[in-house]
Amino acid sequence: MTAGERVRRSLVRVGAMASKEALHIRRDPRTLYLALGMPVLMLFLFGYGVSFDLERIPIAVADADRTEASRALVTAVTASRELVAVAEVAPEEADGLFRRGRALAVLVVPEGYARDVAQGLRTRIQLVVDGADAVSANQVLAKVDALVRAETRRLAGPAAAAQAPPLRVSVWTRYNPAARSALFMVPGLAAYLLAISAVLLTALTISGEWERGSMEQLFAAPVGRLEIVLGKLVPYLVLGMIELQLVLAFGSVAFDLPMRGNPVLVFTMGLFFLVGMLGQGLLISVVARNQLVATQAGALSALLPSLLLSGMVFPVENMPLPLQLLSRVVPARYLVHALRGLLLKGNGLDVLWPDLLALALFAVAILGLATLRFQRRLA
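Residues numbered from 1 in each chain as written. Predicted model: local features only at pLDDT ≥ 70, side-chain atom pairs only at ≥ 80, totals over all residues. Heavy atoms only, no water.

Where empty space is left becomes clear once a probe the size of a water molecule has been rolled over the atoms. The calculated volume of the largest pocket comes to roughly 570 Å³. Along the walls of the largest pocket sit 25 residues, with F184, G311, H337, R340 and K345 positioned nearest its centre. Breaking the lining of the largest pocket down by element, the ones donating at least two residues are α7 (181-203) and α14 (331-345). Looking at the lining of the largest pocket residue by residue, the classes come out as 11 nonpolar, 8 polar and 6 charged. (1 Å grid on protein atoms, 1.4 Å probe; cavity = no way out; pocket = protein on both sides within 12 Å on 5 of 7 lines; lining within 4 Å. Points joined across faces, edges and corners; volume = space filled by probe spheres on them. Helix = DSSP H or I, 4+ residues; strand = E, 2+ residues; numbered from the N terminus. Nonpolar A, V, L, I, M, F, W, Y, C, P; charged D, E, K, R; others polar.)

Here's what the structure looks like:
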């Protein structure tokens, strides 16, 4: 028998295994929900629920001066509606507001503010911020600082404006000029959701065969170990690619996620990532032989690393060195970096080839390991 004939017969056997697995998927609608419904629902919840954008930030005002100038300062700070004055209090009442969650900051205008401004003297404005949430506190500080600087330039008048500073900085924000957190989060969420669903889908396959007692039939069939593994992987790979398209399409419609890169490269990255994660689920199911254990192991091995070590939320560069090294074996790290580069920046293969290579190596290694661990014996 020639090598070509052996390859053809092997592909026929893989196709038969894939057809058998596809019938199982059709008879179990829960699989379709897990593969197609759950990721879109989770993307909707995460995309709208997890946001670092602060709008209509509640602040209180402690105006000890009570003059037209102090009221003009408060108006300048709250005119954009990003900061909303919710109460007028004394400075010592700030702590009580923070404890009750009524305000994130208190703007304190000292007595004599108008007099100092009229005389051109330096005056001090105090901002008391609730620092329990560091992200919100930093945003409040940045917004108030920018607004107060603008009011200071207005009070200084045209004479000060005519004096050009020795250095002028022009800021131009590329790729996400509105600083919307959804554009930063959705590519990471796509990788995170693909990882969870892909591992859970295949973690239940071979372990389910062991529990149903149908593994003996597979052993009796003239099918090799690699053919069984590939046959079980192919239907879920098709589902995963459909899932990737659904997630990206939903992100584009709901969050205006752009597609600046090559779509072929996007799906190539997604293909290798899915092969690796599906192989990881198969490896778990081969080792566990129990659906409950396989589900728990699949969730832990895909959920936590893909969330915490992929750079989806926290930059990998800011992690301790041991965690940075550990993140190198997390496939989601490479897909998150690749999707952000492709979708937001329009990067090409010349920039993203290390990510593609890492995903391909992981896919080959995990499939080889799953095949080696799959033993054709009952005990």
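What follows covers a nonpolar patch on the surface. A cluster of nonpolar side chains, contributed by Y33, L41, F44, L45 and Y48, occupies part of the molecular surface with about 540 Å² of accessible area. If you trace the backbone, L41 turns up in helix α2 (residues 29-49). (Patch = residues over 30% accessible without salt bridge, like charges linked within 9 Å, V, L, I, M, F, W, Y side chains within 5 Å. Areas by Shrake-Rupley, 256 points an atom, 1.4 Å probe, with all protein chains shown as cover. Salt bridge = Lys/Arg side-chain N within 4 Å of Asp/Glu carboxyl O.)

At a closest axis distance of 7 Å, the pairing of helix α1 (residues 3-27) and helix α10 (residues 225-255) adopts a crossing angle of 50 degrees. Between α1 and α10, the angle is such that the two are oblique. Classified by chirality, the crossing of α10 by α1 is right-handed. On the side of α1, the interface is formed by S10, R13, V14, M17, A18, K20, E21, A22 and I25, while α10 contributes E227, I228, L230, G231, K232, V234, P235, Y236 and L239. Looking at side-chain class alone, the contact of α1 with α10 contains 11 nonpolar, 2 polar and 5 charged residues. (Axes fitted to C-alpha atoms, helices over the stretch in contact; angles between N-to-C directions. Parallel < 35°, antiparallel > 145°, perpendicular 65-115°, else oblique. Left-handed = near helix turned anticlockwise from the far one by under 90°. Contact = heavy atoms within 4.5 Å.)

This part takes up the nonpolar core. Nonpolar side chains tend to gather and get buried jointly when the protein is soluble and globular. Residues L43, L257, M269, F273, M277 and L335 are the most contacted members of the largest nonpolar core, which totals 73 residues. The leading source of residues in this core is α7, at 17 residues. Ranked by size, the runner-up nonpolar core spans 11 residues in total, among them I57, L73, A105 and Y113. (Core = buried A, V, L, I, M, F, W, Y, C linked by side-chain atoms within 4.5 Å. Buried < 20%, exposed > 50% of the residue type's maximum accessible area, 1.4 Å probe, protein only.)

Although it is not a glycine, R66 adopts a positive phi angle of roughly 55 degrees. Its place among the elements puts R66 in the loop between β1 (57-63) and α3 (68-78). With relative accessibility at 56%, the residue R66 sits in the exposed group. Located in the positive-phi region is D256, a residue other than glycine, with phi close to 55 degrees. With respect to the helices and strands, the residue D256 is situated in the loop between α10 and α11 (263-288). By relative accessible area, D256 is classed as exposed at 54%.

The next point concerns the pairing of strand β2 (residues 83-88). Inspection of the sheet shows β1 paired to β2 by 5 bridges, in the parallel sense. In the strand pairing of β2, A60 is matched with A87. Since β1 and β2 lie parallel, the crossover through α3 that links them has a hand, and here it is right-handed. (Pairing = 2+ DSSP bridges. Right-handed = clockwise from strand over helix to strand, strands pointing away.)

It is worth spelling out α14 at this point. It helps to recall that an α-helix has 3.6 residues per turn; residues three or four apart then point in one direction. Taking 1.5 Å of rise per residue, 15 residues should cover 21 Å, and α14 covers 21 Å from first to last C-alpha, within 8% of that figure. Burial within α14 is extensive, with 12 of its 15 residues counted as buried. For α14, the complete set of buried residues consists of P331, A332, Y334, L335, V336, A338, L339, R340, G341, L342, L343 and L344. Its buried side turned inward, α14 meets α7, α10, α11, α12 (291-308) and α15 (349-373). Once α14 ends, the next one or two residues include G346, with phi positive near 75 degrees. (Expected span 1.5 Å × (residues − 1).)

This brings us to the sheet that holds β1. Note on sheets: strands pair through backbone hydrogen bonds, and any given pair is parallel or antiparallel. The 4 strands lie next to each other as β2-β1-β3-β4, forming an open sheet whose pairing is mixed. The open sheet has two edge strands with one neighbour each: β2 and β4 (126-129). Across the sheet, the axes of successive neighbouring strands diverge by a mean angle of 30 degrees, strand direction being ignored. The strands touched by α3 are β1, β2 and β3 (105-109); relative to β1, the strand with the most contacts, the crossing angle is about 175 degrees.

A regular strand carries its side chains on alternate faces of the sheet. The element β1 is extensively covered by neighbouring structure, given that 6 of its 7 residues are classed as buried. Looking at chain direction, β1 and β3 are connected through 5 bridges and run parallel. Each residue of the ladder has a partner; that of A60, found in β3, is V106.

What follows deals with the pattern of salt bridges. Applying the stated criterion across every chain yields a total of 5 salt bridges. Note that E21 and K232 form a salt bridge whose closest N and O atoms lie 2.8 Å from each other. One end of the pair, E21, is in helix α1; the other, K232, is in helix α10, with 211 residues separating them in the sequence. According to the relative accessible area criterion, E21 is buried, its value standing at 4%.

The next subject is the side chain of S310. Tracing the chain through its elements places S310 in the loop between α12 and α13 (321-327). For S310, a relative accessible area of 3% puts it in the buried group. There is a polar contact of 3.3 Å between the side chain of S310 and the backbone nitrogen of M312. (Polar contact = N/O pair within 3.5 Å; in protein donor to acceptor, adjacent residues only side chain to side chain.)

On to the packing of aromatic side chains, then. Scanning the model with the defined rule gives 2 aromatic pairs in all. Ring centres 6.3 Å apart and planes at 65 degrees place the aromatic pair F44 and F250 in the edge-to-face group. Of this pair, F44 sits in helix α2 while F250 sits in helix α10, placing them 206 residues apart in sequence. Ring centres of F250 and F255 lie 6.2 Å apart, and the angle between their planes is 75 degrees; this geometry places the pair in the edge-to-face category. Taking the relative accessible area as the measure of exposure, F250 reaches 22% and is therefore partly exposed. By relative accessible area, F255 is classed as buried at 2%. Linked through ring pairs, F44, F250 and F255 together constitute an aromatic cluster. One Lys or Arg, R340, reaches over the ring of F184 and ends 3.8 Å from the middle of that ring. (Phe/Tyr/Trp six-rings, centres within 6.5 Å; stacked < 30°, edge-to-face > 60°. Lys NZ or Arg CZ within 6 Å of the ring centre and 35° of its normal.)

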